Amino acid sequence: MIGGLRRKNDNFTVTKFPILGDIPVMGALFRHRLETLANTDLLVFVTPRIVEDIVFTPKEKDRLELFQEDPEDWASQFDVMKNRKKKISKEPGSAEPGAANSRDYFYLRPPPF
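Residues numbered from 1 in each chain as written. Predicted model: local features only at pLDDT ≥ 70, side-chain atom pairs only at ≥ 80, totals over all residues. Heavy atoms only, no water.

(A) Molecular detail of the pattern of salt bridges. Tallied over the entire structure, the rule returns 2 salt bridges. A salt bridge links Arg 6 to Asp 41; the nearest nitrogen and oxygen atoms lie 2.8 Å apart. On the criterion of sequence distance, the pair formed by Arg 6 in strand E1 (residues 3-16) and Asp 41 in strand E2 (residues 31-44) is long-range, its members being 35 residues apart. Here Arg 6 falls in the exposed class, since its relative accessible area comes to 69%. Take Asp 41: its relative accessible area is 45%, and that puts it in the partly exposed class. For Asp 22, the salt bridge goes to Lys 16, with nearest N and O atoms at 2.4 Å. The class of Lys 16 is partly exposed, set by a relative accessible area of 45%. (Salt bridge = Lys/Arg side-chain N within 4 Å of Asp/Glu carboxyl O. Helix = DSSP H or I, 4+ residues; strand = E, 2+ residues; numbered from the N terminus. Buried < 20%, exposed > 50% of the residue type's maximum accessible area, 1.4 Å probe, protein only.)

(B) Molecular detail of the packing of aromatic side chains. For the coordinates displayed, the defined rule picks out 1 aromatic pair. Each ring, one from Phe 17 and one from Phe 30, has its centre 6.2 Å from the other, and the planes form 85°; the classification is edge-to-face. Highlighted residues: Phe 17 in the loop between E1 and E2 and Phe 30 in the loop between E1 and E2, separated in sequence by 13 residues. Judged by its relative accessible area of 51%, Phe 17 is exposed. Since its relative accessible area comes to 28%, Phe 30 is described here as partly exposed. (Phe/Tyr/Trp six-rings, centres within 6.5 Å; stacked < 30°, edge-to-face > 60°.)

Structure below.
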């Protein structure tokens, strides 16, 4: 067992006939008092099991394949994009990076390891 929650409820109710239950001594004959106590437990049990076959959803498979790619592929893609940006910035009449009318370029970065 790992743990759980415990809840305790105390209820006190009085039921009576109108007007007759309000009479000081005789009113006790026309009143009914009920006190209830309820305890509730929620327990959490964990059973370890060894899983031999791993089943992935299509989305999980795609993410796993993304990180299993060769890091050299990421580096080469990054270098290609970097060289394209250098070429464009060297062209006459091109705007400086960060200027209002310059294009924004997407850079591929290797995943964090």
